[in-house]
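Each chain, letter by letter, is given below.
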Amino acid sequence: MPASIVAQMAISGALMGLVYALIAYGFQLTYATSKSINFGQGELVMVSAFFSLTLLDLGLSYWLVLPAGLLFGAALGLVVERAAVRLALEQKSEGWILLTIILGLFFFSAAENIWGRDDRPFPTPIPSESFHVFGVDVTPLELSVAVGVLAVMGLIELLKRKTLLGKAFEAVSVDRDAGELMGISAKRTVMLSYALSGTVAALAGILVSPITTVGPTMASALVLKAFSVAVVAGLDSGFGVVLVGMFLGALETLASFYVGSGWREAPGLVLLILALAVRPTGVFGKAAIRKV
Amino acid sequence: MLLVEDVYAGYGLSEVLLGTSLAVKPGTVVALIGANGAGKTTTMRAISGLLRPARGRVLLDGNPVQGLAASRIARLGLAHAPEGRKVFGTLCVEDNLLLGAYGRLPRFFGFRGRAASDLERVYALFPRLRERRRQLAGTLSGGEQQMLAIGRALMARPKLMLLDEPSMGLAPVIVQEVFRTIRQLKAEGMTMLLVEQFAKTALEVADYAYVMERGRIAIEGTPAELRRDERLLAAYLG
């Protein structure tokens, strides 16, 4: 087996792994402000992708659909916060776990009823003919995933570090009460984090759809892997999810090639179990994940 | 400036405040003293909105604020330097200070420039904070964290400051330094409500004082009056 083919597969896998990283980053955003995550995050990915596809079907240009889809994702994030998270958090209960799962099931059924159960192609202006660079073939489509993920995560991290709003976000993550005493509304910070989380979920959907097609179940495997990535990397390191996401993506491609295509899902679960057994805070994490 | 009227508050089933009332006039320093568990910190939390009073009223400049979110009350001009300091450990000293002025700074860009004069004022008051402005707040000593907590509260240009146990866990020489700052703020006309374990030191700086016992105000008066109270002398002033 020539080394170049191994490198080829590892790189293709790693680029796809960035989608896991992006969805995992969506978990991190809300965990930081509220110690809660949306267990129906995959349905946000899927519904946003369907919504964007509908806009494309209406004849809108891809470059108009992209921002519209992201705004739609932000709105869905706010719906999740309002409907499934806020009341539970106000009562200091863990009810958000069940409520976000239920809301996800609701989104799933709604999507099946509105758009049907079939997988549909997602047209994109980005070409999929591969080109040769540094001895491996990559497609512009794969590259667009990488550029989109890294650009948006980089932008959010930059805003978090450089703006006062971002520092307020961090302050509420560290100490909600002390943040309130500074005049920072914890409620609005949590809303913002859910809106951002919905936005990155929508971006994941729009970026991955041309490769995977759009269907009600398109995100169920993705989100499971993203969850593994978030746990393995830790729930507070954006840099960590990028590294772990790419690593897992590469590992999956290699496993499915060398062991058998049925083994594609194995590395994610093995990493998850290993992380929980050996280092529950995650490789890059500081905060321990609470057992609920 | 501040009126607390017959406030009841607590945590879950345990009631801590059982009808607390007190008043802070503009330009004065009022001390709140009493034994551990008497309800001093709970009173502070009920005033600043971290705890919602079950009954009673809290008036800030004549307007009822009980039941508002703490962030709303903070923007009305009340700064609370909480017990245990509660600095943002993963942010640097200067970011902590900037967040103190969050309510009146632009959210995205240009906030540093707008806060420059306030930063300068806090750094003049606490030169140590200027030296450590790029350091993570979590790596400061206890005394430095207390200075940061007070500086952060000052950044809001508050009408009223609540200082909860500013001397807690500090070496005597640092306690002196903290109280020197409190005296200086008083001289500048700052209105303060001060909770203190060191009743003696608190009475030296206060214009008026309340003594709490089991969720109520037991005794009140000027420091001179309280010093004549023999029961009090025995219990708190050593």
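Residues numbered from 1 in each chain as written. Chains lettered and ligands numbered in written order. Predicted model: local features only at pLDDT ≥ 70, side-chain atom pairs only at ≥ 80, totals over all residues. Heavy atoms only, no water.

Overview of the overall build of chain A
Where we set the bar: The numbering of helices and of strands both runs from the N terminus, where a helix is a DSSP run of H or I of at least 4 residues and a strand a run of E of at least 2. We compute the radius of gyration over the C-alpha atoms and compare it with the globule rule, which gives 2.2 Å times the number of residues raised to the power 0.38. Exposure is judged per residue with a 1.4 Å probe applied to protein chains only, and the accessible area is read against the type maximum: over 50% gives exposed, under 20% gives buried, and values in between give partly exposed. Residue contacts follow a heavy-atom distance rule, with two residues in contact if any of their heavy atoms lie within 4.5 Å. Accessibility throughout is a Shrake-Rupley quantity obtained with a 1.4 Å probe, and a residue counts as covered only by protein chains that appear here.
Looking only at helices and strands, chain A features 11 helices and two strands. Helices and strands appear in chain A in the N-to-C order α-α-α-α-β-β-α-α-α-α-α-α-α. Against the compact-globule benchmark of 19 Å for 292 residues, chain A has a radius of gyration of 19 Å, which places it among compact chains. Seen through its C-alpha atoms, chain A measures out along the principal axes to roughly 60 × 50 × 35 Å. Looking at chain A as a whole, 54% of its 292 residues are labelled buried. Considering only residue pairs separated by 6 or more positions, chain A has 76% of its internal contacts joining residues 24 or more positions apart. Accessible surface computed for chain A: about 13000 Å², of which carbon and sulfur atoms make up 70%.

Some thoughts on the overall build of chain B
Definition in use: For the purpose of charge, His is not counted, nor are the chain termini; Lys and Arg are scored as positive and Asp and Glu as negative. For this purpose, a charge sits on NZ of Lys, CZ of Arg, CG of Asp or CD of Glu.
On a plain count of helices and strands, chain B comes out with 11 helices and 10 strands. In terms of overall dimensions, chain B is globule-like: its C-alpha atoms have a radius of gyration of 17 Å, near the 18 Å expected for 238 residues. Overall, chain B is about 50 × 40 × 30 Å in size when its C-alpha atoms are taken along their principal axes. Carbon and sulfur atoms make up 52% of the accessible area of chain B, which amounts to about 10200 Å² in all. The averaged location of the 23 negative side-chain charges in chain B is 6 Å from the averaged location of its 32 positive side-chain charges.

What about the interface of chain B and chain A?
The condition that has to hold: What counts as buried area is the accessible surface, traced by a 1.4 Å probe, that two parts surrender upon association, with contributions from both included. Criterion for a salt bridge: a side-chain nitrogen of Lys or Arg within 4 Å of a carboxyl oxygen of Asp or Glu. Any pair of N or O atoms that falls within 3.5 Å is considered a polar contact. Within protein, one atom must be able to donate a hydrogen and the other to accept it, and sequence-neighbouring residues count only if both atoms are side-chain atoms. Throughout this entry, Asp, Glu, Lys and Arg are counted as charged residues, while Ala, Val, Leu, Ile, Met, Phe, Trp, Tyr, Cys and Pro are counted as nonpolar. The remaining residues, Gly among them, count as polar.
In this assembly, 29 residues from chain B lie in contact with 20 residues from chain A. Both faces combined, the contact of chain B with chain A buries some 2100 Å², and carbon together with sulfur accounts for 71% of it. The largest share of the area that chain B buries against chain A comes from Phe88, Leu99 and Tyr102 of chain B, three residues that together contribute 26% of it. Inspection of the region where chain B meets chain A yields two salt bridges. At the junction of chain B and chain A, the tally comes to seven residue pairs in polar contact (both at pLDDT 80 or more). Elements represented by at least two residues in the side of chain B that touches chain A include exactly helix 1 (40-48), helix 2 (70-75), helix 3 (93-100) and helix 4 (111-114) of chain B. Taken together, the residues of the side of chain B that touches chain A sort by class into 15 nonpolar, seven polar and seven charged.

Some details on the layout of surface pockets
Test applied: Here the term cavity refers to a set of points on a 1 Å grid, laid over the protein atoms alone, in which a 1.4 Å probe fits but cannot get out; the term pocket refers to an open set having protein on both sides within 12 Å along at least five of seven lines, with lining residues being those that place an atom within 4 Å of a point. Grid points are joined across faces, edges and corners, and a volume is the space filled by probe spheres set on the points.
Empty space within the largest pocket amounts to approximately 1400 Å³. In terms of lining residues, the largest pocket is bounded by 47 residues, among which Leu89, Glu90, Lys92, Arg176 and Asp177 of chain A are the most central. For the lining of the largest pocket, the elements supplying multiple residues, two or more each, are helix 1 (3-34), helix 3 (62-90), helix 6 (164-174), helix 7 (176-181) and helix 8 (186-212) of chain A together with strand 1 (2-11), helix 1 and helix 2 of chain B. No other element matches the five residues that helix 2 of chain B contributes to the lining of the largest pocket. Partitioned by chemical class, the residues of the lining of the largest pocket number 18 nonpolar, 12 polar and 17 charged.

Digging into the sheet that holds strand 10 (residues 216-221) of chain B
Residues and elements named next belong to chain B. Our working rule: What makes two strands pair is DSSP finding at least two bridges between them. Convention adopted: a line fitted to C-alpha atoms gives each axis, helices being fitted over their contacting stretch, and angles between N-to-C directions are expressed from 0 to 180 degrees.
The strand order across the open sheet built from six strands is 6-7-8-3-9-10, with neighbouring strands paired in mixed fashion. On the outer flanks of this sheet lie strand 6 (78-81) and strand 10, each paired with one strand and no other. Across the sheet, the axes of successive neighbouring strands diverge by a mean angle of 20°, strand direction being ignored. Where strand 7 (residues 160-164) lies against strand 8 (residues 191-195), five bridges are found, and the strand directions are parallel. Residue pairing for strand 8: leucine 163 is matched across the bridge by leucine 194. Sheet strands touched by helix 7 (residues 142-154): strand 6 and strand 7. Its angle to strand 7, the strand with the most contacts, is close to 165°.

Here's the deal with the confidence of the model for chain B
Stated precisely, the cut-off is as follows: You can read pLDDT as the predictor saying how much it trusts each residue, on a scale of 0 to 100.
Per-residue confidence for chain B averages 92 on the pLDDT scale, and 98% of its residues sit at or above 70. Mean pLDDT across the elements of chain B bottoms out in helix 11 (residues 230-237) of chain B (68) and peaks in helix 3 of chain B (97).

Let's talk about the side chain of lysine 225 of chain A
Residue and element names in this part refer to chain A. Within the element layout of this structure, lysine 225 appears in helix 9 (residues 220-233). Among the polar contacts listed, one links the side chain of lysine 225 to the side chain of glutamate 265, at a separation of 3.1 Å. Filtering out sequence-adjacent residues up to four positions away, lysine 225 remains in contact with Tyr20, Leu248, Glu252 and Glu265.

A short note on the sheet that holds strand 2 (residues 14-24) of chain B
Residues and elements named next belong to chain B. One open sheet accounts for four strands, arranged 2-1-4-5; its pairing is antiparallel. The outermost strands of the open sheet, each flanked by one partner alone, are strand 2 and strand 5 (63-64). Where strand 4 (residues 55-60) and strand 5 come together, two bridges link them in antiparallel fashion. Among the inter-strand pairings, leucine 59 is bridged to a residue of strand 5, identified as proline 64.

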